[in-house]
Amino acid sequence: MQIKLGHNLLGTNQTVAEENREKLRQKGVYFLNLMSSPGAGKTTLLEKTLALVKDRLKVAVIEGDVATTKDAERVARHGIPVVQINTHGACHLDAAMVRDVLDTFPLEQLDLLIVENVGNLVCPAEFDLGETVKVVVLSTTEGNDKVPKYPLMFREAGAMILNKIDLLPFTDFNLEELAVDLEGLHPGLPRFDLSARTGEGMEQWLDWLVAQVRSEKQ
Ligand SMILES: Nc1nc2c(ncn2[C@@H]2O[C@H](COP(=O)(O)OP(=O)(O)OP(=O)(O)O)[C@@H](O)[C@H]2O)c(=O)[nH]1
Ligand SMILES: [Mg+2]
């Protein structure tokens, strides 16, 4: 019974996700779903990214959080449209939550819509929001085992960011082990090693992002 309900939920979610995807495709909006465990640095990366691309692209953000508006407030300081979704305890956003806020944005004018999903490496990977791409952030302080322990997230991702490389010397994180694990799970996954704090490595990430958004517009 419970399994059946789960299937129905995911099936309904998929239908709404396809509607979101089609709506955004028609408006020429590239939709990026940003995911990670709590504290990997999604909001910090978002703030840095917004500061560096807002002159090149018209961007808006959806902030998903279990509670509080803290991340939305951080993003709003950059002067771009932000909508907060509180999931009231749920460990992920779903496609209907996104659908219900889409019309609050000036979609015709947007190039890029970024959603910061709830910090969690499990549930968000299972719920399609209608995004163009999923980007997963892993940080060097989380340990190498997160890739094999949460394989779906890394299989579903269209790009991966290894954040907090400024802390590499203070951790036991192993870059070669990461490369081997990713080769087994998702060969060819674009990967950007960077520090959202110091800005090191941000250029390659931004170049990739801007190129993706522009190719979607053509
Ligand atoms: N040293 C270092 N710290 C970082 C970096 N990026 C983020 N942090 C710190 O990591 C902590 C968590 O960062 P957030 O950006 O809030 O992480 P988050 O993924 O948005 O967290 P949730 O929204 O709670 O899931 C903060 O104290 C950041 O300052 C980085 O590149 N290097
Ligand atoms: Mg955050």
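Model, not experiment: these values are computed from the prediction.

Visitor: Give me the lowdown on the overall build of the protein chain, citing residues and values where you can.
Guide: In terms of regular secondary structure, the protein chain is built from nine helices and seven strands. Here the C-alpha atoms of the protein chain give a radius of gyration of 17 Å, agreeing with the 17 Å that 2.2 N^0.38 yields for 218 residues. Each principal axis of the C-alpha distribution contributes one length, and for the protein chain these read about 50 × 45 × 35 Å. With 218 residues in all, the protein chain has 49% of them scored as buried. With the model as given, the accessible surface of the protein chain reaches about 10,400 Å², and the carbon-plus-sulfur share is 52%.

Visitor: I'd like a description of the coordination of the magnesium ion (ligand 2), backed by residues and values.
Guide: Surrounding the magnesium ion (ligand 2) are the protein donor atoms T43 (OG1), D71 (OD) and E116 (OE), at 2.1 Å. T43 sits in the buried class, given a relative accessible area of 5%. Among the residues examined, E116 registers a relative accessible area of 3% and is labelled buried.

Visitor: Lay out the packing of aromatic side chains with the relevant residues and their values.
Guide: Applying the stated criterion to the full structure yields three aromatic pairs. Aromatic pair W205 and W208: ring centres 5.9 Å apart, planes at 20°, arrangement stacked. Of this pair, W205 and W208 both sit in helix α9 (residues 202–217), three residues apart, which is roughly one turn of that helix. By relative accessible area, W205 is classed as buried at 2%. On the basis of relative accessible area, W208 is assigned to the buried category, the value being 15%. In textbook terms, an aromatic cluster arises when at least three aromatic residues are bridged by ring pairs, as seen for F192, W205 and W208.

Visitor: Can you explain the nonpolar core? Please cite residues and give values.
Guide: Formed by 30 residues in total, the largest nonpolar core has its most connected members in L32, L45, L112 and W205. Counting residues per element, the ones that place at least two in this core are β1 (30–36), α2 (42–53), β2 (59–65), β4 (112–116), β5 (133–139), β6 (159–163) and α9. For this core, the element with the highest residue contribution is α9, accounting for seven residues.

Visitor: Help me get a handle on the UniProt feature "domain: CobW/HypB/UreG nucleotide-binding" (unreviewed entry) in the protein chain, residues and values and all.
Guide: Those places that UniProt annotates as "domain: CobW/HypB/UreG nucleotide-binding" (unreviewed entry) correspond, in this numbering, to residues 34–188. Secondary structure over residues 34–188 splits into 34% helix and 21% strand, and the C-alpha atoms at its two ends are 19 Å apart.

Visitor: I'd love a proper account of the site of ligand 1, names of residues and values included.
Guide: The local shell around ligand 1 holds 19 residues, among which K42, T43, T44, D166 and R197 are the closest. At 3.0 Å from an oxygen atom of ligand 1 is found a side-chain nitrogen or oxygen belonging to D71. Within the side chain of D166, an N or O atom sits 2.8 Å from a nitrogen atom of ligand 1. Burial of ligand 1 by the surrounding chains reaches 76%, relative to a free accessible area of 650 Å². Mapped by element, the contributors of at least two residues to the shell around ligand 1 are α2 and α3 (70–76). Take the shell around ligand 1: its biggest share by element is three residues, from α2. Along the lines of polarity and charge, the residues of the shell around ligand 1 split into four nonpolar, eight polar and seven charged.

Calculation criteria
- Residues numbered from 1 in each chain as written.
- Chains lettered and ligands numbered in written order.
- Predicted model: local features only at pLDDT ≥ 70, side-chain atom pairs only at ≥ 80, totals over all residues.
- Heavy atoms only, no water.
- Helix = DSSP H or I, 4+ residues; strand = E, 2+ residues; numbered from the N terminus.
- Rg over C-alpha atoms; globule rule 2.2 N^0.38 Å.
- Buried < 20%, exposed > 50% of the residue type's maximum accessible area, 1.4 Å probe, protein only.
- Areas by Shrake-Rupley, 256 points an atom, 1.4 Å probe, with all protein chains shown as cover.
- Donors = N, O, S within 2.8 Å, 3.2 Å for Na, K, Ca; no water.
- Phe/Tyr/Trp six-rings, centres within 6.5 Å; stacked < 30°, edge-to-face > 60°.
- Core = buried A, V, L, I, M, F, W, Y, C linked by side-chain atoms within 4.5 Å.
- UniProt positions renumbered as here; feature names shortened; annotations may be inferred.
- Near = heavy atom within 4 Å.
- Polar contact = N/O pair within 3.5 Å; in protein donor to acceptor, adjacent residues only side chain to side chain.
- Nonpolar A, V, L, I, M, F, W, Y, C, P; charged D, E, K, R; others polar.

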